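# Breakdown of the fold
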Amino acid sequence: MENLISLVNKIQRACTALGDHGEASALPTLWDSLPAIAVVGGQSSGKSSVLESVVGKDFLPRGSGIVTRRPLVLQLHKIDEGSREYAEFLHLPRKRFTDFVAVRKEISDETDRETGRSKQISTVPIHLSIYSPNVVNLTLVDLPGLTKVAVDGQSDSIVQDIENMVRSYIEKPNCIILAISPANQDLATSDAIKISREVDPTGERTIGVLTKIDLMDKGTDAVEILEGRAFKLKFPWIGVVNRSQQDINKNVDMIAARRREREYFASTPEYRHLAHRMGSEHLAKMLSKHLETVIKSKIPGIQSLISKTIAELESELTRLGKPVAADAGGKLYAIMEICRTFDQIFKEHLDGIRPGGDKIYNVFDNQLPAALKRLQFDRQLSMENIRKLITEADGYQPHLIAPEQGYRRLIESSLTTIRGPADAAVDAIHSLLKDLVRKAVSETLELKQYPGLRVEVSAAAIESLERMREESRKSTLLLVDMECGYLTVDFFRKLPQEVDKGGNPTHSIFDRYNDSYLRRIGTTILSYVNMVCATLRHAIPKSIVYCQVREAKRSLLDHFFTDLGKMDPKRLSALLNEDPEVMERRSALAKRLELYRSAQDEIDAVAWSK
């Protein structure tokens, strides 16, 4: 079985390469769910020396003040004995460093590239992998040292900024805290212990390391702390002896320094009984073993997160759509399929599967009848207008029984006003159909993928609706014109009898123009006009549905399909030019999905082999 820590290191590196890590974010990611060890300590606590002792190499920048100004994610990989040691930075892929002095310089240079040559800090981590036969598989995150005051060149907020950065790592429940405290200072004032206790009050995730034991005042020792009596943690305290500044200046070999550290604990009477669990070598082995134990316990949660994330990524990739074929035939097929999807969504709106089509019925059932009812025939059927048209229609010869020509003119002028509601109904349906086109465009996910095609399809659909509107307008207004052009005979055959019943034949012909007579004419005409309105109330919707709604369902994109068949390959390609952001997003999601699937396979293999 592949070493668990090596597997986690591999997944963490892949996550980081894809930007899928949340070192300063509250959002859960795979990177966050993988346990790691954060190294916490105050300035000059010996933090860098502990890390170098664990690695067995001088590779960290040194100096006064805040030297570590960015998080350093350090991944150690044990390789076969006799193999040459080397280091790799994530920001310099495929470049191997075999000179660890160059590693130190690159850490400094990369820090300056992010922060400038100021003494400011940055939350953007540096990722460094070290391959050596002298290390254990381990992941450590070296964080800037906690400080109490800002020095020249630093902002007043740097003390709080560093604390916030440290907290963003150690507050994560999967983080193991390596708290570094110098033995020659009162433990009660330890910055590392103070902040660790706040985020991990039970000490379940904290491992205490006591440095500079050999620098304690004569007559004093750290036995009470190392035995867990002075400050108890779940895990035993580990003491280390760092190289002195003189050793560092003389470039004392790290292997020799480890040997001297072992000799110190074995030969010092106060620590002899603890020597088996003291020193940087024991620290590295203990950390590696503990990290592997924690990883094993977290496997079910990691599997759950990976499965959930894979489902979310697959869903989003589906929403973004697949890349299209490179050949002209494939592109034409893709465009036709997208257009059919759009057309189907548009039809679903009309058929009630999706909302919106009911508004068309509302025009016919409410708006059109209300508009017809609002028609005022007062002007056409006023006493003055009736007298005028009746008299003019008689010409030089007064009518004998009924003023037929006058009736016709009055009816025609009244019916003509119906053209207004009919025209308005045509425009209202056109407006609703355009809204449904816009909705269908926005709901066709593939059209979001291709802005050029979205514009063309929208324009083609609206253009078709315009043609249908004009055809509908002609047909609908023709219905009104037909009513004006031919009056219902049966209705008017009754007029002579009805007029005679209300008149007095002994009166002079000129008495036939009195107000009562004219009102009877107006009432008769209004009755006929209302009958026609009732007929048109049902006929107008039929005409509009046939010419606009039904035609839109049948042939909305027919003209566009005809044009597609004539397009050259270059134009087809232009229609399928994706939004660069969508292309970039799909590519990133595909890489991330590949990472998570690979991680799922490897984690599952480990889980099954346990």
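Residues numbered from 1 in each chain as written. Predicted model: local features only at pLDDT ≥ 70, side-chain atom pairs only at ≥ 80, totals over all residues. Heavy atoms only, no water.

## Thoughts on the overall build of the protein
Put simply, the rule is: Only DSSP runs of H or I with at least four residues qualify as helices, and only runs of E with at least two residues qualify as strands; both kinds are numbered from the N terminus onward. Partly exposed residues are those whose accessible area sits between 20% and 50% of the maximum for their type, while under 20% is buried and over 50% is exposed, using a 1.4 Å probe and protein chains only. Using the Shrake-Rupley algorithm and a 1.4 Å probe, accessible areas are obtained, with residue cover drawn only from the displayed protein chains.
Per the secondary structure count, the protein includes 23 helices and nine strands. Per-residue burial over the protein gives 49% buried out of 610 residues. Per element, the accessible surface of the protein, about 30,600 Å² overall, is 52% carbon and sulfur.

## Topic: helix α11 (residues 328-351)
Our working definition: The span you would expect from a helix comes to 1.5 Å times its residue count less one.
For α11, built from 24 residues, the straight-helix expectation of 34 Å at 1.5 Å per residue is met to within 8% by its first-to-last C-alpha distance of 34 Å. Looking at the residues trailing α11, positive phi occurs at Gly352, about 90°.

## Quick look at the side chain of Arg205
This is how the line gets drawn: Only four residue types enter the tally: Lys and Arg on the positive side, Asp and Glu on the negative side, with His and both chain ends excluded. What counts as a salt bridge is simple: a side-chain nitrogen of Lys or Arg found within 4 Å of a carboxyl oxygen of Asp or Glu. Contacts described as polar in this section are N or O atom pairs within 3.5 Å, which, within protein, must combine one atom able to donate a hydrogen with one able to accept it, while residues neighboring in sequence count only if both atoms come from side chains. Contacts were defined at the residue level, with two residues in contact if any of their heavy atoms lie within 4.5 Å.
Along the polypeptide, Arg205 turns up in the loop between α6 (191-199) and β8 (206-211). Buried charge without a salt bridge: Arg205, with Asp200 as the nearest opposite-charge side chain at an N-O distance of 4.4 Å. Within the structure, Arg205 has its side chain in polar contact with the backbone oxygen of Val199 (distance 3.3 Å). Not counting residues within four places of it along the chain, the set of residues in contact with Arg205 comprises Ile170, Glu171, Lys172, Pro173, Cys175, Ile176, Ile177, Val199 and Asp200.

## Details of the sheet that holds strand β9 (residues 238-239)
Stated formally: Two strands are said to pair when DSSP picks up at least two bridges between them. Angular values range over 0 to 180 degrees, each being the angle between N-to-C directions of two axes fitted as lines to C-alpha atoms, with helices fitted over their stretch in contact.
The nine strands are arranged β4-β3-β5-β2-β6-β1-β7-β8-β9 in an open sheet whose pairing can be described as mixed. Strand pairing shows two members of the sheet lacking a second neighbour, β4 (96-97) and β9, which therefore form its edges. Bridging between strand β3 (residues 86-89) and strand β5 (residues 126-132) involves four bridges; their strand directions are antiparallel. Across the sheet, residue Phe89 finds its bridge partner in β5, namely Leu128. In the packing of helix α3 (residues 47-55) onto the sheet, contacts are made with β1 (36-41), β2 (72-78), β5, β6 (138-142), β7 (175-182) and β8, and the angle to β6 comes to roughly 160°. The sheet strands contacting α6 are β1, β7 and β8, and the helix crosses β7 at an angle near 155°.

## Here we look at the pairing of β3
Inspection of the sheet shows β3 paired to β4 by two bridges, in the antiparallel sense. Bridging across to β4, Ala87 finds its partner in Phe97. In this structure, the hairpin formed by β3 and β4 is closed by a connection of six residues, where Arg94 is found at a positive phi of approximately 70°.

## Quick word on the environment of Asn366
Structurally, Asn366 is set in helix α12 (residues 358-374). A relative accessible area of 41% means that Asn366 is categorised as partly exposed. A polar side-chain atom of Asn366 sits 2.5 Å from a polar atom in the side chain of Asn362.

## What about the pattern of salt bridges?
Enumeration over the complete set of coordinates arrives at 35 salt bridges. The salt bridge partner of Arg243 is Asp58, with a shortest N-O separation of 2.0 Å. A residue pair is termed long-range when its members are at least 10 positions apart, and Arg243 in the loop between β9 and α8 (245-249) and Asp58 in the loop between α3 and β2 qualify at 185 residues. Between Glu163 and Arg167 there is a salt bridge; the shortest N-O distance is 3.0 Å. Taken together, the residues Glu163 and Arg167, both in helix α5 (residues 158-170) and four residues apart, mark about one turn of the helix. For Glu163, a relative accessible area of 21% corresponds to the partly exposed category. A relative accessible area of 16% places Arg167 in the buried class.

## Description of the pairing of β1
Most of β1 is tucked away, with six of its six residues classed as buried. Covered by surrounding structure in β1 are Ala36, Ala38 and Val40 together with Ile37, Val39 and Gly41, the residues of both alternating faces. Across six bridges, the pairing between β1 and β7 is parallel. By the bridge assignment for β7, Val40 is matched with Ala179.

## As for the nonpolar core
Note the cut-off: Residues enter a nonpolar core if they are buried and are Ala, Val, Leu, Ile, Met, Phe, Trp, Tyr or Cys, with the set joined through side-chain atoms within 4.5 Å.
Phe342, Phe346, Ile429, Leu453 and Phe560 are the most contacted members of the largest nonpolar core, which totals 65 residues. Mapped onto this core, the elements with two or more residues apiece are α11, α12, α14 (404-415), α15 (419-443), α17 (451-485), α20 (515-555), α21 (558-566) and α22 (569-575). When residues of this core are assigned to their parent elements, the largest contribution, 13 residues, is made by α20. Excluding anything up to four places from it in sequence, Phe346 contacts Leu433, Leu436, Val437, Ala440, Ala552 and Leu556. Val39, Leu60, Ile207 and Ala284 belong to the second-largest nonpolar core, a separate cluster that totals 58 residues.

## Considerations on the packing of α11 against α17
Counted only if it meets this: An angle counts as roughly parallel when it lies under 35 degrees, as roughly antiparallel when it exceeds 145, as roughly perpendicular when it falls between 65 and 115, and as oblique in every other case. Whether a crossing is left-handed or right-handed is set by the direction in which the near helix is turned from the far one by less than a right angle, anticlockwise for left-handed and clockwise for right-handed.
Running from amino to carboxyl end, α11 crosses α17 at an angle of 50°, the nearest separation of the two axes being 12 Å. By the angle between their directions, the pair α11 and α17 is classed as oblique. The interaxial crossing formed by α11 with α17 has right-handed handedness. Contact with α11, carried on its side by Ile335, Ile338, Cys339 and Phe342, involves Leu453, Val457 and Ala461 of α17 and no other residues of that element.

## Digging into the confidence of the model for the protein
Low-confidence regions, as indicated by low pLDDT, have predicted coordinates that should not be scrutinised in detail. Cut-off, in case you're wondering: What pLDDT expresses is the predictor's confidence in each residue, scored from 0 to 100.
On average, residues of the protein carry a pLDDT of 83, and 85% of them reach 70 or more. Confidence, read as mean pLDDT per element, is least for helix α19 (residues 495-502) in the protein (49) and greatest for α15 (96). The model gives residues 22-28 a pLDDT under 50, and that stretch makes 15 contacts with residues more than four places away or in other chains. Taken as a whole, residues 498-510 scores under 50 in pLDDT and shows eight contacts with residues more than four places along the chain or in a different chain.

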